Each structure stands twice: as C-alpha cells, then as structure tokens.
Amino acid sequence: MTGPAAITPRAAKQLLDGLGVTIDPELLVLALTHRSFAHEAGGIPTNERLEFLGDSVLGLVVTEHLYRFHPGLPEGELAKMRAASVSQRALAVVAREIGIGSYVLLGRGETTTGGAGKDSILSDTLEALLGAVYLCHGLDIAAGVILRLLGPTLARAASLGVALDWKTSLQELVATLGMSPVEYRSEGTGPDHARVFEAKVLVDGEQRGWGEGTSKKLAEQRAAEDAYQRLRGQ
C-alpha cells in the first residue's frame, strides 16, 4: 500500500486549502481511501459511499446553477451542459488542479499502474470529498465549494455548449459544415499495466486531429478536441 493510514496534518491542511473548507479528519481519510487500499488493508471501509453521495450533491448544484443562469435554454441543452460539466474528464482536471492525486490512498497494484493520475480515480475521489464536505457543512457550503472549483468548467460549457464532450461537438460541427461523418482510428501500445492509446480523426478521408491517452475513449476525446478546434478555426 502507498500513503499513510491517516493523512498527516500538514498534508490535510494542503488539501483542504485547495478545497477551501475543513473536513472532519476521519471523514477526510475515508474520502481518500480507494478500494484497492481498503482491500490490502484487510477490508476497511472505502470512499465509494461518499462518492455516491458527492455525485448526487454535485449533480443537484450544477443543475440548479445552469437552470438559474440560463433561463432561455431548453432542457436538452441544459442536460448537455450538465453532462459536460460533471464528466469524468472535467472532474479529473479539477482534481489535478488541487493535487488530489498526491493524497489518495491506493493499493500497490494501482500505484504501480499510475492510479494517482487516472481520470477515473481522480474524479471519483473528488466526488467523495464533496460528499464529505456536504456531511460536514450542509448543502450551502458544499454548493459554494463546487461552484468555485467548477467555475471555469461551467463557463466553458456555457460558451461552447457540448464542446466538453468533444466527440459529440465534433460530429455536430462536421454536420453543420456539410462534411462526411467522423471516422476514428485507434491503437494501443505497451504492456497491459501501462498501455497507451493513440487516436486519429478522419473527416472526408483526411486526418483532422490526433490524441493520446491511457484509454481508447480518452485518446479519441482528445483527438476529437484537436479536430474540433482546427475545423472551428477554419
């Protein structure tokens, strides 16, 4: 296992400074306990229940924000903006900004495969921390934390619509431009525990974008973003 069984006061302060709020020490450790760590520690509780709670709080806060600040948008557009704002990738970006990967408690296997940098683990841990904030302080404080952390993401969703879901955005842009449907070509290299994927985007038979990631899905999203920005610029 990696990481202390209980986070040090200094580390806790650094993380909580990033969140901008206090959390009960025991609840903070629970929020950072990934199932791989819990399994190797003999089956101690994991952060998955807090993640479940945090996901619901996050969804409610973002939904209310979008509803209030975009009174002219129909339900479908609001749903797209919400999905983009609370996507795994978007949450992982926020988690990296406050350094969550340095504090999450992981088992040896996850540590070996770079778990502290995985979008899935980072986003899940952020949701668990938000669940802990809600339990400690209630909805109003939790909402303040969420809106502060996700402010840039919500602003991008407002200006680009579904552009945080780059594959959807690219498909809509290509249709608007009257071009042929998007085609993705992906391949993975390296051993299973450290596999890297590369993806190319072809439109009208021509490569328009390229991306790389730790999963095929992530590589294709990054390739779609690259292609979207190039075609939008044209």
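Residues numbered from 1 in each chain as written. Predicted model: local features only at pLDDT ≥ 70, side-chain atom pairs only at ≥ 80, totals over all residues. Heavy atoms only, no water.

1. Side note on the overall build of the protein chain
For clarity, the cut-off: Helix and strand assignments follow DSSP, with helices taken as H or I runs no shorter than four residues and strands as E runs no shorter than two, numbered in order from the N terminus. Within these notes, the globule rule equals 2.2 Å times the number of residues to the 0.38 power, and the radius of gyration is based on C-alpha atoms. Partly exposed residues are those whose accessible area sits between 20% and 50% of the maximum for their type, while under 20% is buried and over 50% is exposed, using a 1.4 Å probe and protein chains only. Whether two residues are in contact is decided by their heavy atoms, any of which lying within 4.5 Å being enough. All accessible-area figures derive from a Shrake-Rupley calculation using a 1.4 Å probe, and residue coverage is judged against the displayed protein chains alone. For this count, His and the chain ends are skipped, Lys and Arg are scored as positive, and Asp and Glu as negative. For the purpose of locating charges, the reference atoms are NZ of Lys, CZ of Arg, CG of Asp and CD of Glu.
Within the protein chain one finds twelve helices and three strands. Its C-alpha radius of gyration of 19 Å places the protein chain within 12% of the 17 Å reference for a compact globule of 234 residues. By principal-axis analysis of the C-alpha atoms, the protein chain measures approximately 55 × 50 × 25 Å. For the protein chain, buried positions account for 44% of its 234 residues. The contacts in the protein chain between residues at least 6 apart in sequence include a share of 57% that link residues at least 24 apart. A total accessible area of about 12100 Å² is found for the protein chain, and carbon and sulfur atoms account for 54% of it. One finds the centroid of the 23 positive side-chain charges in the protein chain at a distance of 3 Å from the centroid of its 28 negative side-chain charges.

2. Digging into unusual backbone geometry
Residue Asp-204 is not a glycine yet carries a positive backbone phi of 55°. Structurally, the position occupied by Asp-204 is in the loop between β2 (196–203) and β3 (206–213).

3. So, the confidence of the model for the protein chain
Low pLDDT means the predicted coordinates in that region are not meant to be read closely. Formally: Per-residue confidence from the predictor is given as pLDDT, running between 0 and 100.
Within the protein chain, residue pLDDT values average 88, and 93% of them lie at 70 or more. Overall, residues 1–5 carries pLDDT values under 50, and its contacts beyond four positions in sequence, including any with other chains, amount to 16 contacts.

4. Some thoughts on the environment of Ser-169
Within the fold, Ser-169 resides in helix α11 (residues 166–176). Given a relative accessible area of 3%, Ser-169 falls into the buried group. Along the chain, Ser-169 and Ala-199 lie 30 residues apart, while their C-alpha atoms are 17 Å from each other.

5. Focus on the nonpolar core
Condition: We call a set of buried residues a nonpolar core when its members are Ala, Val, Leu, Ile, Met, Phe, Trp, Tyr or Cys and they connect through side-chain atoms within 4.5 Å of each other.
Among the nonpolar cores identified, the biggest contains 45 residues, and Ile-23, Leu-28, Leu-126, Leu-129 and Leu-150 are the most heavily contacted of them. Contributing elements (two or more residues each) for this core: α1 (9–19), α2 (25–31), α4 (48–69), α5 (75–85), α6 (88–97), α8 (119–137), α9 (139–149) and α10 (151–160). When neighbours within four sequence positions are excluded, Ile-23 is seen to be in contact with Leu-16, Leu-28, Leu-129, Ala-132, Val-133 and Cys-136. Membership of the second largest hydrophobic core comes to 16 residues, among which are Leu-170, Ala-223, Ala-224 and Ala-227.

6. Quick notes on the pattern of salt bridges
How we decide: We define a salt bridge as a side-chain nitrogen of Lys or Arg found within 4 Å of a carboxyl oxygen belonging to Asp or Glu.
Summed over all chains, the structure comprises 13 salt bridges. The shortest N-O distance in the salt bridge between Arg-108 and Glu-40 comes to 3.5 Å. In this pair, Arg-108 sits in helix α7 (residues 108–112) while Glu-40 sits in helix α3 (residues 35–40), placing the two residues 68 residues apart along the sequence. The network of salt bridges with common partners includes Glu-77, Lys-80 and Glu-172.

7. Points about α8
This is how it is decided: A helix's residues, less one, multiplied by 1.5 Å, set its expected span.
Relative to the 27 Å expected for 19 residues at 1.5 Å per residue, α8 spans 27 Å between its end C-alpha atoms, a close match to the ideal helical length. In the segment just after α8, Gly-138 is the residue with positive phi, at about 90°.

8. A look at the environment of His-39
Following the sequence through the fold, His-39 ends up in helix α3. Placed 67 residues apart in sequence, His-39 and Leu-106 show a C-alpha to C-alpha distance of 9.7 Å.

9. Here's the deal with the sheet that holds β2
Let me state the cut-off plainly: Here a strand pair is declared whenever DSSP counts at least two bridges between the two strands. A fitted line through C-alpha atoms serves as each axis, taken over the contacting stretch for helices, and the angle formed by two N-to-C directions is quoted from 0 to 180°.
In space, the three strands of this open sheet follow the order β1-β2-β3, with antiparallel pairing throughout. In this open sheet, the two edge strands, each paired with only one partner strand, are β1 (183–189) and β3. For this sheet, the mean inter-axis angle between neighbouring strands, taken without regard to orientation, is 20°. Of the strand pairs in this sheet, β1 and β2 are connected by seven bridges, and their pairing is antiparallel.

10. Description of the side chain of Ser-85
Note the following rule: As used in this structure description, the phrase polar contact means that two N or O atoms lie within 3.5 Å; if the pair is within protein, one of them must be able to donate a hydrogen and the other to accept it, and residues adjacent in sequence are counted only when both atoms belong to side chains.
As for its position among the elements, Ser-85 is in helix α5. Classification of Ser-85 as buried rests on a relative accessible area of 0%. Here Met-81 takes part through its backbone oxygen, which lies 2.8 Å from a polar atom of the side chain of Ser-85.

11. Some details on the environment of Pro-71
On the secondary structure map, Pro-71 appears in the loop between α4 and α5. Sequence spacing of Pro-71 and Phe-197 is 126 residues, and the spatial spacing of their C-alpha atoms is 40 Å.

12. Here we look at the pairing of β3
As paired strands, β2 and β3 are joined by seven bridges and run antiparallel to one another. Of the residues in β3, the one forming a bridge with Glu-198 is Glu-212. Where β2 folds back onto β3 in an antiparallel hairpin, the turn is made up of two residues, including Asp-204, whose phi is positive at roughly 55°.

13. Observations concerning the packing of aromatic side chains
This is how the line gets drawn: Aromatic pairs are defined between Phe, Tyr and Trp rings, using the six-membered ring for Trp, whenever the two ring centres lie within 6.5 Å; interplanar angles under 30 degrees are classed as stacked, those over 60 as edge-to-face, and all others as tilted. Cation placement over rings: the criterion is NZ of Lys or CZ of Arg within 6 Å of the ring centroid and within 35° of the ring normal.
Summed over the entire model, instances satisfying the criterion amount to zero aromatic pairs. Here the guanidinium or amino end of Lys-167 rests over the ring plane of Tyr-184, the centre of that ring lying 4.6 Å away.

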